[in-house]
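# A look at the structure
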Amino acid sequence: MATTIIRTVEEMRQTVRRWRCKDGSIAVVPTMGALHEGHLSLVRVALSHADWVVVTVFVNPTQFNNAEDLIAYPRTEESDLAKLTTVGAHVLYAPSVDVVYPKGFATTVHVGNVSHGLCGAHRPGHFDGVATVVTKLFLQIGADIALFGEKDFQQLHVVRRLARDLDIPIQIIPCATIREPDGLAMSSRNRRLSTPERQIASHLPAVLFHAAEQLRQSLPTHEVIAEAKRRLEEAGFDGIDYVDLRSETDLSPLDTLDRPARLLAAASLPSARLIDNVRVAPPAWKQRI
Ligand code: AMP
């Protein structure tokens, strides 16, 4: 069956009420559209967990700290709808900016601690925008579960924290990063890269996986990170915002690999800023947390 487009809060709530009458469970997959296999993998996981799946597509202006990035962000609703129909999502919820932020809107959700540092330090206001829109989408839809990609690892922590702190009864399910054959994490922004930029971009995952292996072999963290930054610069990235080792469970900074961790990085090319992260478990830790 074709995916249905919904554009208003009222219609979204009515639809959810109908599903609830049939005792159906509901999953939500928040996105900004320009859907790729990474997004669709989240939708497939959602379909395996819930009876009804809503994919939200909203290019949220409040999470862009750069006006040019907001203007250049790809908007491809028609092909998004076709892809969602193919995978079997039930609803594409695409509210307008006026629906999400009506005249007089004056509330911001700020998540402390996990939204500080990393991208929070380089994109002022970004996580406030994310937290505010995600809270609204959670409250508008009232889903049982929400799927988020590990690609945006700090965002995953921000969303988990706000759901817990605001007692929103929703389970957050993390999903693995889907990569291109050369390792580059799929992202809607990748389509903006020129051919030479796309070639440079592939160094980001390569450098991170190499550094993760060095950490596993107990090389000193500061040396591994310094070398990773150097290699990114040599590959042709314009600016490296950070390469940082953090605890996987609470994002606290780590000097030594003494618990399951993530090595996270953000680096810029003229057409797009890229982020990625890889898991680094100390040799003794076999199981996934
Ligand atoms: P975005 O549209 O970029 O805001 O992403 C929407 C959701 O899809 C977020 O939960 C992202 O973490 C997730 N996502 C984006 N890219 C990927 C990817 N390559 N693999 C898995 N999940 C992804």
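Structure: above.
Note that the structure is a prediction, hence the values are computed from the model and not measured. (Residues numbered from 1 in each chain as written. Predicted model: local features only at pLDDT ≥ 70, side-chain atom pairs only at ≥ 80, totals over all residues. Heavy atoms only, no water.)

## Considering unusual backbone geometry
The residue Ala34 is not glycine, and still its phi comes out positive at about 50 degrees. Inspection of the secondary structure assignment puts Ala34 in the loop between β2 (26–31) and α2 (37–49). Its identity is not glycine, yet Asn113 carries a phi of approximately 55 degrees, on the positive side. Tracing the sequence through the fold places Asn113 in the loop between α5 (97–100) and α6 (119–122). (Helix = DSSP H or I, 4+ residues; strand = E, 2+ residues; numbered from the N terminus.)

## Quick look at the site of the ligand
Around the ligand there are 16 residues in total, and His39, Gly149, Asp152, Ile178 and Met186 lie nearest to it. His39 is positioned such that a nitrogen or oxygen atom in its side chain is 2.8 Å from an oxygen atom of the ligand. Ile178 places a main-chain nitrogen or oxygen 2.9 Å from a nitrogen atom of the ligand. Its free accessible area being 480 Å², the ligand has 93% of it covered by the protein chains. At the level of elements, β2, α2 and β5 (145–149) are the ones that each hand at least two residues to the shell around the ligand. Residue composition of the shell around the ligand, by class: eight nonpolar, seven polar and one charged. (Near = heavy atom within 4 Å. Polar contact = N/O pair within 3.5 Å; in protein donor to acceptor, adjacent residues only side chain to side chain. Areas by Shrake-Rupley, 256 points an atom, 1.4 Å probe, with all protein chains shown as cover. Nonpolar A, V, L, I, M, F, W, Y, C, P; charged D, E, K, R; others polar.)

## A closer look at the environment of Ala146
Mapped onto the secondary structure, Ala146 falls in strand β5. Those residues in contact with Ala146 that lie beyond four places of it in its chain are Val28, Phe138, Ile170, Gln171, Ile172 and Ile173. (Contact = heavy atoms within 4.5 Å.)

## A look at the sheet that holds strand β8 (residues 261–269)
Read across the open sheet, the three strands follow the order β7-β8-β9; overall the sheet is antiparallel. Bordering the open sheet on either side are β7 (239–247) and β9 (272–280), each of which pairs with just one other strand. The sheet shows a mean angle of 10 degrees between the axes of neighbouring strands, direction not considered. Relative to β9, β8 is paired through nine bridges, and the arrangement is antiparallel. Paired with Leu269 across the strands is Ala272, a residue of β9. Along the sheet, helix α11 (residues 221–235) makes contact with β7 and β8, crossing β7 at roughly 150 degrees. (Pairing = 2+ DSSP bridges. Axes fitted to C-alpha atoms, helices over the stretch in contact; angles between N-to-C directions.)

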